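# Structure at a glance
The residues making up each chain are set out below.
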Amino acid sequence: MTINILTFGIARDIIGSSTFDMSLPEGASVADLKQHLLEQYPRFISLASLMIAVNAEYGVETTILTEKDEIALIPPVAGG
Amino acid sequence: MTINILTFGIARDIIGSSTFDMSLPEGASVADLKQHLLEQYPRFISLASLMIAVNAEYGVETTILTEKDEIALIPPVAGG
Amino acid sequence: MIDIRLTAPPLSIAACEESVLTPDAGGTVVFIGTVRNKTQDKPVMRLEFEAYESMAISEMAKIAQQAIEKFSVLKVAIHHVIGVLDIGEIPVIIAVSAAHRGAAFDACEYCIDTLKQTVPIWKKEVFEDGEVWVSAHP
Amino acid sequence: MIDIRLTAPPLSIAACEESVLTPDAGGTVVFIGTVRNKTQDKPVMRLEFEAYESMAISEMAKIAQQAIEKFSVLKVAIHHVIGVLDIGEIPVIIAVSAAHRGAAFDACEYCIDTLKQTVPIWKKEVFEDGEVWVSAHP
């Protein structure tokens, strides 16, 4: 399947665009997405943290992704 | 000596006036003042506390009073 | 920097905040007291505040100075009213700015807690059927 | 009652406070963030805030709801900017009203601490000679 991913902050700088597509096997989880991401974009390893949001909620490692989900990379937040 | 005493809040209600005079022996302390006060105005016994200010600072029991001091009765405060 | 005021109502929240806001601060914490509409389920009509003014100002200044030393905050403003307040009006505003927000929270709470214990200000609650000096009796 | 805003600057301190002030409260505590003029002794020119807006609003609402439940406070307002801020301008205001002031202090501090940990908002510090995404790297 191909999922579309939103990027913000330093994640957008690393990807070079505010959205991008990634091919993942059907039934892939948040953990799978992170693994693919680190392989394709090793600069993510240097971040203090990287969370994945699924439909505007924090996903956990086992959360399963589908093409219909709104998926976003959440690098370390710094509000306030 | 005769000292003039300022009153506030419920202390003014008990005394019936915003200042009053009290005769005390020379060299009387805050403790002496409080003892005379409680004898003459037993309603002060019912208060949660009674402090004496001497020249706009809290006095302690042993603070010595003179006629030149500005003396005030400080019933329980309730600012804020 | 310390800003102490004891004035007739109304207090200005903006004025109190402006006196502490600074680009040296990472955070500013403000406490705003309000006259509650009831005490122990009895409706309050209004409050009357009086003060031993010279001593109240000096005690408020002491509290502000202690807060700056104890919590390493930058600026403290303590503004208190004297006079008659209606329900919902503001008897006290305390604003504290600090490099670190935790210190600003701690210092602001210290100021209002200490003010209630030491500053010679008295408050009379007026009910439909009488009035009471707050905290006078145990 | 919860009031969440994520808007372009400037934030209005008065608007945030007005949305929580109530005669049911004995006290209101307000936290005002400010853009500091330096980071690690390096002068900051300006800050740029961006957010994952839908999620940021929902996370701020969760924090406000948790504060109400955890500390039994009455009303919580959380206002945050997105966009460019100059030194001394205000990125965030949090206001909490409560029957008891201790709860208002605790809830307000909880809200800003949690906001900084969980709300998807990012901040870029712009210096004379470069820029940095705050907290991005360990």
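Let me sum up the structure you'll find in this document. (Residues numbered from 1 in each chain as written. Chains lettered and ligands numbered in written order. Predicted model: local features only at pLDDT ≥ 70, side-chain atom pairs only at ≥ 80, totals over all residues. Heavy atoms only, no water.)

### Focus: the overall build of chain C
Counting secondary structure elements, chain C contains three helices and nine strands. Each helix and strand of chain C, placed in order from N terminus to C terminus, yields the pattern β-α-β-β-β-α-β-β-β-α-β-β. Seen along its three principal axes, the alpha-carbon backbone of chain C occupies a region of about 50 × 25 × 25 Å. Counting contacts in chain C only where the partners sit at least 6 residues apart, residues at least 24 apart contribute 77% of the total. Per element, the accessible surface of chain C, about 5500 Å² overall, is 50% carbon and sulfur. (Helix = DSSP H or I, 4+ residues; strand = E, 2+ residues; numbered from the N terminus. Contact = heavy atoms within 4.5 Å. Areas by Shrake-Rupley, 256 points an atom, 1.4 Å probe, with all protein chains shown as cover.)

### Regarding the relation of the copies chain D and chain C
Overlay of chain D on chain C (RMSD 0.0 Å): rotation 180°, translation along the axis 0.0 Å. Both chain copies can therefore be described as sitting about a two-fold axis. Taking C-alpha positions as reference, the residue of chain D nearest the rotation axis is valine 30 of chain D, located at 2.5 Å. Looking at the interface residues of chain D, 100% of them are also at the interface in chain C, so both copies use one shared face. (Least-squares fit on C-alpha atoms with pLDDT ≥ 70 in both.)

### Some points on the packing of aromatic side chains
Counted by the stated rule, this structure contains twelve aromatic pairs over all chains. On the basis of an interplanar angle of 5° and a centroid distance of 5.0 Å, the ring pair of phenylalanine 8 of chain B and tryptophan 122 of chain C is categorised as stacked. Of this pair, phenylalanine 8 of chain B sits in the loop between strand E1 (2-6) and helix H1 (9-15) while tryptophan 122 of chain C sits in strand E8 (residues 121-127), placing the two residues on different chains. The same class applies to phenylalanine 8 of chain B as to tryptophan 122 of chain C, namely buried. Taking the centre distance of 6.3 Å and the plane angle of 85° together, the rings of tyrosine 41 of chain B and phenylalanine 44 of chain B count as edge-to-face. (Phe/Tyr/Trp six-rings, centres within 6.5 Å; stacked < 30°, edge-to-face > 60°. Buried < 20%, exposed > 50% of the residue type's maximum accessible area, 1.4 Å probe, protein only.)

### Quick look at the sheet that holds strand E5 (residues 71-74) of chain A
Residues and elements named next belong to chain A. Taken together, five strands build an open sheet; the order of strands is E2-E1-E5-E3-E4 and the sheet is mixed. For this open sheet the edge positions go to strand E2 (19-23) and strand E4 (57-58), each flanked by a neighbour on one side alone. Here helix H2 (residues 30-40) sits on the sheet and contacts strand E1 (2-6), E2, strand E3 (51-54) and E5; the angle it forms with E2, its principal contact strand, is near 105°. (Pairing = 2+ DSSP bridges. Axes fitted to C-alpha atoms, helices over the stretch in contact; angles between N-to-C directions.)

### Observations regarding the nonpolar core
Ranked by size, the top nonpolar core spans 94 residues in total, and within it Ile94 of chain C together with Ile94 of chain D carry the most contacts. Non-local contacts of isoleucine 94 of chain D, meaning those with residues more than four positions away in its chain, are made with Cys16, Val29, Val30, Phe31, Ala77, Ile78, Cys108, Cys111, Ile112 and Leu115 of chain D. (Core = buried A, V, L, I, M, F, W, Y, C linked by side-chain atoms within 4.5 Å.)

### Overview of the side chain of serine 97 of chain D
Residues and elements named next belong to chain D. Looking at where serine 97 falls in the secondary structure, it is placed in strand E7 (residues 92-98). A relative accessible area of 0% places serine 97 in the buried class. Residues within four places of serine 97 in sequence aside, it is in contact with Val20, Thr22, Ala25, Gly27, Thr28, Val73, Leu74 and Lys75.

### Digging into empty space enclosed by the protein
Scanning the model with the defined rule gives one cavity of 30 Å³ or more in all. Computed from the structure, the largest cavity encloses a volume of approximately 40 Å³. Lining the largest cavity are Gly9, Ile10, Pro75, Pro76 and Ala78 of chain B together with Trp122, Lys123, Trp133, Val134 and Ala136 of chain C. Breaking the lining of the largest cavity down by element, the ones donating at least two residues are H1 of chain B together with E8 of chain C. Here the lining of the largest cavity is composed, by residue class, of eight nonpolar, one polar and one charged. (1 Å grid on protein atoms, 1.4 Å probe; cavity = no way out; pocket = protein on both sides within 12 Å on 5 of 7 lines; lining within 4 Å. Points joined across faces, edges and corners; volume = space filled by probe spheres on them. Nonpolar A, V, L, I, M, F, W, Y, C, P; charged D, E, K, R; others polar.)

### Concerning the arrangement of the chains
With three pairs of chains in contact, the largest contact count belongs to chains C and D. There is a gap between chain A and chain B: no contact, and a shortest C-alpha distance of 29 Å.

### As for the pattern of salt bridges
All names here are of chain C. Across all of its chains, the model carries 20 salt bridges over all chains by this definition. Linking arginine 46 and glutamate 48 is a salt bridge whose minimum nitrogen-to-oxygen distance equals 3.2 Å. On the basis of relative accessibility, which here comes to 30%, the residue arginine 46 falls in the partly exposed class. (Salt bridge = Lys/Arg side-chain N within 4 Å of Asp/Glu carboxyl O.)

### Here we look at H2 of chain A
Residue and element names in this part refer to chain A. Three or more residues of H2 are buried, namely Val30, Leu33, Lys34 and Leu37. Relative to the axis of H2, the buried residues are bounded by an arc of 95° and lie together on one face. Each element contacted by the buried residues of H2 is listed here: E1, helix H1 (9-15), E2, E3 and E5. (Arc of directions from axis to C-beta.)

### A look at the sheet that holds strand E1 (residues 2-7) of chain D
Spatial strand order, E1(C)-E5(C)-E7(C)-E2(C)-E2(D)-E7(D)-E5(D)-E1(D): eight strands in an open sheet with mixed pairing. In this open sheet, the two strands that pair with only one neighbour each are strand E1 (2-7) of chain C together with E1 of chain D. Sheet twist, expressed as the average angle between the axes of neighbouring strands with direction ignored, equals 5°. In this sheet, strand E7 (residues 92-98) of chain C lies alongside strand E2 (residues 27-33) of chain C in antiparallel orientation, the contact comprising six bridges. Bridged to valine 30 of chain C within E7 of chain C is alanine 95 of chain C. Relative to E1 of chain D, helix H2 (residues 53-71) of chain D is tilted by about 150°, and along the sheet it contacts E1 and strand E5 (75-81) of chain D.

### Focus: the interface of chain D and chain C
The interface of chain D with chain C comprises 31 residues on the first partner and 31 residues on the second. Taken together, the two surfaces of chain D and chain C that pack against each other cover about 2600 Å², and 55% of this comes from carbon and sulfur. When the area that chain D buries against chain C is broken down by residue, the three leading residues are Arg36, Arg101 and Phe105 of chain D, summing to 25%. Along the contact surface separating chain D from chain C lie two salt bridges. Of the charged contacts, one joins aspartate 113 of chain C and arginine 101 of chain D as a salt bridge, the two residues approaching to 2.7 Å between their closest N and O atoms. Broken down by secondary-structure element, the contributors of at least two residues to the side of chain D that touches chain C are helix H1 (13-18), strand E2 (27-33) and helix H3 (101-118) of chain D. Here the element with the most residues in the side of chain D that touches chain C is H3 of chain D; it accounts for eight residues. Here the side of chain D that touches chain C is built from residues that sort into 14 nonpolar, ten polar and seven charged. The pairing of E2 of chain C with E2 of chain D spans seven bridges and is classified as antiparallel. Looking across to E2 of chain D, one finds that threonine 28 of chain C is bridged to isoleucine 32 of chain D. (Buried area = accessible area lost by both parts, 1.4 Å probe.)

These figures come from the coordinates and say nothing about function on their own.
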